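Structural characterization, general
Residue-level listing of the chains:
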Amino acid sequence: MEAMSHTEETEIEEKYQFKWGEMIASAKNGEVKFYKSFTFDGEVYSLYDCVYIHTEDEPEPYFGKLVKIWEKRNHGRRIKILWFFRPIEIRNWLKDDDLTQKNEIFLACGEGLGVTNVNPLEVIVRKCNIVCTSKDKRNPQPSDRELKMADYIFYRTFDVGTLSISDKIEDRTAAIDVRCIFNRKCGADETRSIKNLVGQHNLDNSRLSNMSSEEKRCSDNSVKLQPKIIPTLTLRKDESSSGLWKVKVGSGMPHDKAKGKPVQDSAGLDKKQLKKAMVDMKIGKPPNVMLNKSNSVSAGKGIKTDDEIMEVTRRLDADTRKWFKDLPWEDRIQTARERHALLLLDNLDPSYISSEVEDVIWHSFKEKCTAKVIPRTESSSPYSGQAIVIFKSREAAETVLHKLNNRCLMLPNGRVLIGRRPPRVLEGPAKFFGHLTIDKVKIQARGEKETAVSTAHFAQANTIEYQMAMEWRLLQIRSEVLWAELYKWHGEERKELENSLIE
Amino acid sequence: MGTFAHKEYQAFEEKVKRTVYLDNLSPQVTVPVLKMALGQFGKVVSAQFIPNYIDGMNIQQCALVEMETAKQARSVVTDTTMYPFMISGMPRPVRARPAELEMFSDRPVRPGRKITCRWVDSKDPDYEIAKKLKSLTRKHYAESLFLLKHQLEEEEKLAKQQDEFLKSNYEKYDMLDSITADGTVKQVARHYYDVDITDD
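Residues numbered from 1 in each chain as written. Chains lettered and ligands numbered in written order. Predicted model: local features only at pLDDT ≥ 70, side-chain atom pairs only at ≥ 80, totals over all residues. Heavy atoms only, no water.

**Remarks on the overall build of chain B**
- Scanning chain B from N- to C-terminus turns up five helices and six strands.
- The buried share among the 200 residues of chain B stands at 46%.
- Accessible area for chain B stands at about 11000 Å²; split by element, carbon and sulfur atoms hold 56% of it. (Helix = DSSP H or I, 4+ residues; strand = E, 2+ residues; numbered from the N terminus. Buried < 20%, exposed > 50% of the residue type's maximum accessible area, 1.4 Å probe, protein only. Areas by Shrake-Rupley, 256 points an atom, 1.4 Å probe, with all protein chains shown as cover.)

**Let's talk about the pairing of strand β20 (residues 385–391) of chain A**
Residues and elements named next belong to chain A.
- Of all seven residues that make up β20, six are buried, and the element is covered over most of its length.
- Across five bridges, the pairing between strand β18 (residues 342–348) and β20 is antiparallel. Directly across from L343, in β20, lies its bridge partner V389.
- In terms of strand pairing, strand β19 (residues 369–373) meets β20 through five bridges, oriented antiparallel. Pairing of K372 across the sheet is with I388, part of β20. (Pairing = 2+ DSSP bridges.)

**Considering the interface of chain A and chain B**
- Each partner contributes to the interface: chain A provides 105 residues, whereas chain B provides 91 residues.
- Both sides together, the interface formed by chain A and chain B hides about 9500 Å², and carbon and sulfur atoms give 63% of it.
- Between chain A and chain B we count eight salt bridges in total.
- In this structure, B:K139 engages A:E493 in a salt bridge whose closest nitrogen and oxygen atoms are separated by 3.1 Å.
- If you look at where chain A meets chain B, you find 33 residue pairs in polar contact (both at pLDDT 80 or more).
- When residues in the side of chain A that touches chain B are grouped by element, the largest group, 25 residues, is from helix α14 (residues 464–499) of chain A.
- Two elements, strand β24 (residues 457–458) of chain A and strand β4 (residues 85–86) of chain B, share two bridges in a ladder whose sense is antiparallel. Following the sheet pairing, A:H457 is matched in β4(B) by B:M86. (Contact = heavy atoms within 4.5 Å. Buried area = accessible area lost by both parts, 1.4 Å probe. Salt bridge = Lys/Arg side-chain N within 4 Å of Asp/Glu carboxyl O. Polar contact = N/O pair within 3.5 Å; in protein donor to acceptor, adjacent residues only side chain to side chain.)

**With respect to the nonpolar core**
- With 55 residues, the main nonpolar core has A:F38, A:I130 and A:F154 as its most contacted residues.
- Counting 25 residues, the second-largest nonpolar core is a separate cluster that includes A:L343, A:V373, A:F391 and A:L401. (Core = buried A, V, L, I, M, F, W, Y, C linked by side-chain atoms within 4.5 Å.)

**Things to note about the packing of aromatic side chains**
Residues and elements named next belong to chain A.
- With the rule as written, the count across this model stands at 20 aromatic pairs over all chains.
- Taking 6.3 Å as the distance between ring centres and 45° as the angle between the ring planes, the aromatic pair formed by F34 and W70 counts as tilted. With F34 in strand β3 (residues 32–35) and W70 in strand β7 (residues 62–72), this pair connects stretches of sequence that are 36 residues apart.
- Pairing W483 with Y487 gives two aromatic rings, centres 5.5 Å apart and planes at 20°, and the pair type is stacked. (Phe/Tyr/Trp six-rings, centres within 6.5 Å; stacked < 30°, edge-to-face > 60°.)

**Thoughts on a nonpolar patch on the surface**
- Residues B:V188, B:Y192, B:Y193, B:V195 and B:I197 make up a contiguous nonpolar surface patch of about 530 Å² in total accessible area.
- With respect to the helices and strands, B:Y193 occurs in helix α5 (residues 184–193). (Patch = residues over 30% accessible without salt bridge, like charges linked within 9 Å, V, L, I, M, F, W, Y side chains within 5 Å.)

**Describing unusual backbone geometry**
Residues and elements named next belong to chain A.
- Positioned with a positive phi, Y48 is a non-glycine residue whose angle comes to about 70°.
- Take Y48: it is sitting in the loop between β5 (43–46) and β6 (50–53).
- The residue K366 is not glycine, and still its phi comes out positive at about 55°.

**Section: the sheet that holds strand β2 (residues 44–49) of chain B**
Residues and elements named next belong to chain B.
- Across the sheet, which stays open at both edges, the four strands sit in the order β2-β3-β1-β5 with antiparallel pairing between neighbours. Since the sheet does not close on itself, it has two edges, and those belong to β2 and β5 (95–98), each with one partner. Put simply, the sheet's adjacent strands are angled 25° from each other on average, direction ignored.
- Bridge analysis of strand β1 (residues 19–25) against strand β3 (residues 61–67) gives five bridges, and the strand direction is antiparallel. The residue bridging L25 from the neighbouring strand is Q61, located in β3. (Axes fitted to C-alpha atoms, helices over the stretch in contact; angles between N-to-C directions.)

Okay, structure coming up:
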């Protein structure tokens, strides 16, 4: 299978302006070319940059460091990624009070699968700002500003071989000099490390051939390219069938319930299974990730500090959603309801619009969603706006619900956001009381709904109709008074509590 | 861009002033029906139903009808409030109110708004109150649901009552009709009151 047709490649090059940067080495008579950097859609990606890698099956992107960039003739562009782990991915080996910072992640190291992977270059979503806070002398310490700007920080490693966490970063991780893993100091340093790398390539022939074989395996899988949206992740075939499962089982970790996917030869897996397996195994993911998915997807990240006030701005990729034509909302809600990916939010400022609700969710949970505020009617509360939110997955919805239940998300004016599962929709035909001629109208309306001639009129004062209409009016006014009283009372109760808030 | 957003929002606010909110509408009512019904008050620019995504409980339909001018919109509200106005069925009249910004699900963003949020956890001095606010909101929601249910029950009760009333009324007229037809009225009139009520 060809990784990608040539025309496709050119097309993408034209659209997103892909350009190679400086070439640092070549091998096999120019068959394989190694690069220091490349430019994609105006962004320069260099060696040792951290990037987001998106997969189709996971709502959360993975992230890793680019440790090798190359192109093999007729086989497309490849990158080698050194992975980072989210705390949730290794939480069986992590004590609860161990996490000092919410945005901490762990560098993969050690011997075994899950440290690095070779991937098509196209799986990169965008750059990720990861700062190393290791106290190692060789690590240029980040400034406060850099720390604040960081998406994630790391100073500890997770050894996939010994399954242990350490705050000492080894001199070489996955054959990468530790100086390339630490923060960058200045240009000079970088050049030196790149020279090192060049030396590596030129000197270490066996490594090179090693890598070419890696590359060969990689190129067997086709890449469906959807740059900048959600590229399909394709990974090395041989990984899916070996390694970590056995490692984990062998090391006596209690993961037997994990999905029960049999370990078998790649030959025995059909393509679909394979793909799934590949994603599962992608970063040599510890199997517990799969076990605890439900309430873990985004736990412990995204929120910088508890007391910090986050300003809600437009989500970065907010505009990409406009690329797709949406299904009608009723249908989407129905499917989301069936998938249990639907939540009802309560206690929003009634003046928020749908996209603002989406942004709030994005900023507080780092979950993408589509939201629709529920329009006000006469009986809606004037204090509390509601919105219906569709999440990517049931897990995402559950996570958000769990967090909203256990913690308090404070919006301006002392509004604490509430989430709940949407109430069940009543079955059966709609009942509407108070129209006596319904039977006749029904026949008419069913037949020619769009052209139905309506009978709209004012009731005359001397008829029974008028008398009965007055009874309805009375009922309407009575309920208006009731709603007004109820909400007045609600308002007072709210105010009393809100006034006692300190901030 | 800022001015564009402001302009867009202003245009929207104008639109709201021209729009009437209607409820107590039967599920039989469609957009063309609405347009025709309100056509007698002026020119209808657009009409849409307020979608009800969540509760199947509130089955009356609500709609927004945009008129050509704010004056027309006002006259719809005053006239239908003064006299009971029926659309597609009787005797339950529709209710009209001036529309409000929040009734539009597709409203533009209010320019220059900043939203901030923060997590309040157990260490925060506001945590207890935040928790109370949460349960208060839940309580309020339950109360609204209860009132909504109560309202539906009342509607059903009234509909039943009126049905009974109409039935007995119908029987009354039916009886009157039949005794007129078979000559009983004539006989009784002559017998007791000595009056001749033949239509001469």
